[in-house]
Amino acid sequence: MIDGLKPYPEYKDSGSRWLGAVPAGWEVRNLRTLITKRAERDRSDLPLLSVAREKGVFVRSLTDEDENHNVIPEDLTNYKVARAGNLVINKMKAWQGSMGIAPCDGIVSPAYFVFDFRIGNHAFGQALLRSKPYVAHFGQASDGVRVGQWDLSIAGMRQIPVLVPSADEQDAIVRFLDHANGRIERAIRAKRKLIALLNEQKQAIIHRAVIRGLDPTVPLKPSGIPWLGDIPSHWEVTALRRYWRVTDCKHLTVPFVDEGIPLASVVEVRSFILNLSRCKKTKTHWYRVLIDGDRKPKRGDLIYCRNASVGACALVEIDIDFAMGQDVCLLRSESQNPRFLNYLLHSPFMEHQLELILVGSTFKRINVAEIKALTVFVPPRDEQDAVCEFLDSEVKIFDSGIARTERAISFLREYRTRLIADVVTGKLDVREEASLLPAQTSLVVPENDDIVEGVEPEEAEETVTA
């Protein structure tokens, strides 16, 4: 893709240490000379727009639960009007790159900045301002006590130097980046399909093992579940409460601190093994309150999510002190293999069972009584152990392949980020390459290809609409 690309034949000092040398034929102008603040309001008839780190500016869906993170007020008359081509910046998240060009006329949060943006090709301007070096500089132009509270300074923003190639060259850069991004997106989509296939095959192996066991010759009996079929004749079919004690978390919101006792909530139970690396923490006093009533988790327990990511479950394999946060409960048994139940809870059988429970639910959550009533299969303990040993070995192979593919996707994203930065700041000359490509009209915003294992919704899409 970049074979044959070379630097420009001649450079000049940009006057900015972080930009360094730039092509000799490019203008360097302060951002203030290219923008004019807009303050038009009272157009609640226009579509609602949002700004996200991954997507730029987009029309917000009022029905998509994945986008509906914040409450939309009934009165939108104070919302700012952003016309197609306007530059919209989430001033609280500019340091993350939450900015972009409005794709159509719409309204945005009063907390956003809206500007007329006078640059030849708005797609080039967006790619430039959202590039890695510029996002870092928007961070330097933001003030605040801590990162999460940074606020973009108008004075600092106005002084940011903007690179302005000729109109023809802006068009060429956009055309090249559209082409490059299209190729990268196709590669990412192919790898995502591979991951989906690997996950599908992994789920099939788990389902077979926890429903039929490992002996293909074992006598079978009807499971009593019409859509499931037969199970080994010596396995017990029962409610989860028969062998597992279910203990709900304290319905209490505690204060968070930077250093303290870890809390296991919804995010921490999305993997098979409990992961507290990014968890919130609380003070020792509140930890004691949260573990009251035999709620202190220990090795071998399962932490089960009953809200939002309903059915997610993680095995505790650590011996440190931590407490359950909100929306989870604790599963404990003195006689059963917790890994076997965890595999069963992650199986397609359990997914289908939960779907039947949640049919018609506006909010995806289940209560403790419903968890206790979940149908589970209980082989003898030695069979549970054997199934777990088999699945641990098989799943490891698939997880390794998925991890390698995820790393390849990460490398592609890093490559795209670096390529965009090098092209829009003049480190690479793409004029000749672009002349061989058809014209494109996109805004050079990568698709949000996070499906996402490993990326939380609030990180993947920073949305402020109130």
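Quick note: structure is the one above.
Computed from a predicted model, the values in this text were never measured in an experiment.

So, about the overall build of the protein. For the protein, the helix and strand inventory stands at 11 helices and 25 strands. The buried share of the protein, reckoned over its 466 residues, is 47%. Contacts spanning at least 24 positions in sequence make up 75% of the contacts within the protein whose residues lie at least 6 apart. Just so you have it, the protein exposes about 22600 Å², and 52% of that area is on carbon and sulfur atoms.

A word on the packing of aromatic side chains. Using the criterion set out here, one finds 8 aromatic pairs in the structure. Judged by centre distance (6.3 Å) and plane angle (85 degrees), the rings of Trp-235 and Phe-340 are edge-to-face. Note that Trp-235 is positioned in the loop between β16 (230–232) and β17 (236–239) and Phe-340 in helix α6 (residues 338–345), a separation of 105 residues in sequence. Per residue, the accessibility class of Trp-235 equals that of Phe-340, and both read buried. Ring centres 4.6 Å apart and planes at 40 degrees place the aromatic pair Phe-272 and Tyr-343 in the tilted group. Note that Phe-272 is positioned in the loop between β19 (261–264) and β20 (281–282) and Tyr-343 in helix α6, a separation of 71 residues in sequence. Tyr-343 gets classed as buried once you look at its relative accessible area, which sits at 4%.

What follows concerns the nonpolar core. Of all hydrophobic cores here, the largest spans 45 residues; its most connected members are Ile-89, Phe-117, Phe-138, Met-157 and Phe-176. Only β8 (87–90), β9 (99–101), β11 (112–117), α1 (122–129), α2 (132–140), β14 (161–164), α4 (167–212) and α9 (381–424) provide two or more residues apiece to this core. Sort the elements by how many residues they give to this core and α4 lands first, with 6 residues. Residues within four places of Phe-138 in sequence aside, it is in contact with Leu-31, Ile-89, Ala-94, Met-99, Leu-129, Leu-152, Met-157 and Ile-160. Counting residues in each nonpolar core, the second largest holds 39 residues, with Ile-206, Val-210, Leu-331 and Leu-345 among its members.

This part is about the sheet that holds strand β22 (residues 313–315). Within the open sheet, the 4 strands sit side by side as β18-β24-β21-β22. Their pairing is antiparallel. Each end of this open sheet is capped by a strand with a single partner; those strands are β18 (245–248) and β22. For this sheet, the mean angle separating the axes of adjacent strands, direction not counted, is 25 degrees. Here 4 bridges tie β18 to strand β24 (residues 328–332), and the two strands are oriented antiparallel to one another. Paired with Asp-248 across the two strands is Cys-329, which belongs to β24. The strands that α6 touches are β21 (302–305), β22 and β24; relative to β22, the one it contacts most, it runs at about 160 degrees.

Before going further, it helps to examine the sheet that holds β20. Across the sheet, which stays open at both edges, the 3 strands sit in the order β20-β19-β23 with mixed pairing between neighbours. With one partner strand each, in any of the chains shown, β20 and β23 (323–324) form the two edges of the open sheet. Here β19 runs beside β20; their pairing, made up of 2 bridges, is antiparallel. From the neighbouring strand, Pro-262 faces β20, where its bridge partner is Lys-281.

A word on the packing of α4 against α9. Contact pair α4 / α9: the axes reach a minimum separation of 10 Å and the direction vectors enclose 170 degrees. Between α4 and α9, the crossing angle belongs to the class labelled roughly antiparallel. When the residues that make up the contact of α4 with α9 are grouped by side-chain class, the tally is 28 nonpolar, 5 polar and 9 charged.

To continue, consider the pairing of β19. Because side chains alternate across β19, one face comprises the buried residues Ile-261 and Leu-263, and the other comprises Pro-262 and Ala-264, equally buried. Here β19 runs beside β23; their pairing, made up of 2 bridges, is parallel. Note on β23: the bridge partner recorded for Leu-263 is Ala-323.

Throughout the structure, instances matching the rule amount to 23 salt bridges. Here Asp-292 and Lys-250 are joined by a salt bridge, their closest N and O atoms 3.6 Å apart. Of the two residues, Asp-292 is situated in the loop between α5 (284–290) and β21 and Lys-250 in the loop between β18 and β19; the sequence distance between them amounts to 42 residues. Between Asp-385 and Arg-381 there is a salt bridge, and its shortest N-O distance comes to 2.9 Å. In this pair, Asp-385 and Arg-381 both sit in helix α9, 4 residues apart, roughly one turn of the helix. Judged by relative accessible area, which is 32%, Asp-385 ranks as partly exposed. Residues joined in a network through salt bridges with shared partners are Arg-38, Glu-40, Arg-83, Asp-105 and Asp-116.

Each full turn of the α-helix corresponds to 3.6 residues, which orients residues three or four apart in the same direction. For helix α7 (residues 348–358), the full list of buried residues reads Phe-349, Met-350, Gln-353, Leu-354 and Leu-358. All buried residues of α7 project into a common sector of 165 degrees when viewed along the axis, lining one side. Next to the buried residues of α7 lie α4, β21, α6 and β25 (375–378).

Moving on to a nonpolar patch on the surface. Together, Trp-227, Leu-356 and Val-359 line one region of the surface with nonpolar side chains, adding up to about 300 Å² of accessible area. As for its placement among the helices and strands, Leu-356 is situated in helix α7.

What follows covers unusual backbone geometry. Even without a glycine there, the phi angle at Asp-42 is positive, about 60 degrees. Tracing the chain through its elements places Asp-42 in the loop between β4 (35–37) and β5 (49–52). The phi angle at Asp-294 is positive, at roughly 60 degrees, despite the residue not being glycine. For Asp-294, a relative accessible area of 44% gives the class partly exposed.

Cut-offs applied
Residues numbered from 1 in each chain as written. Predicted model: local features only at pLDDT ≥ 70, side-chain atom pairs only at ≥ 80, totals over all residues. Heavy atoms only, no water. Helix = DSSP H or I, 4+ residues; strand = E, 2+ residues; numbered from the N terminus. Buried < 20%, exposed > 50% of the residue type's maximum accessible area, 1.4 Å probe, protein only. Contact = heavy atoms within 4.5 Å. Areas by Shrake-Rupley, 256 points an atom, 1.4 Å probe, with all protein chains shown as cover. Phe/Tyr/Trp six-rings, centres within 6.5 Å; stacked < 30°, edge-to-face > 60°. Core = buried A, V, L, I, M, F, W, Y, C linked by side-chain atoms within 4.5 Å. Pairing = 2+ DSSP bridges. Axes fitted to C-alpha atoms, helices over the stretch in contact; angles between N-to-C directions. Parallel < 35°, antiparallel > 145°, perpendicular 65-115°, else oblique. Nonpolar A, V, L, I, M, F, W, Y, C, P; charged D, E, K, R; others polar. Salt bridge = Lys/Arg side-chain N within 4 Å of Asp/Glu carboxyl O. Arc of directions from axis to C-beta. Patch = residues over 30% accessible without salt bridge, like charges linked within 9 Å, V, L, I, M, F, W, Y side chains within 5 Å.

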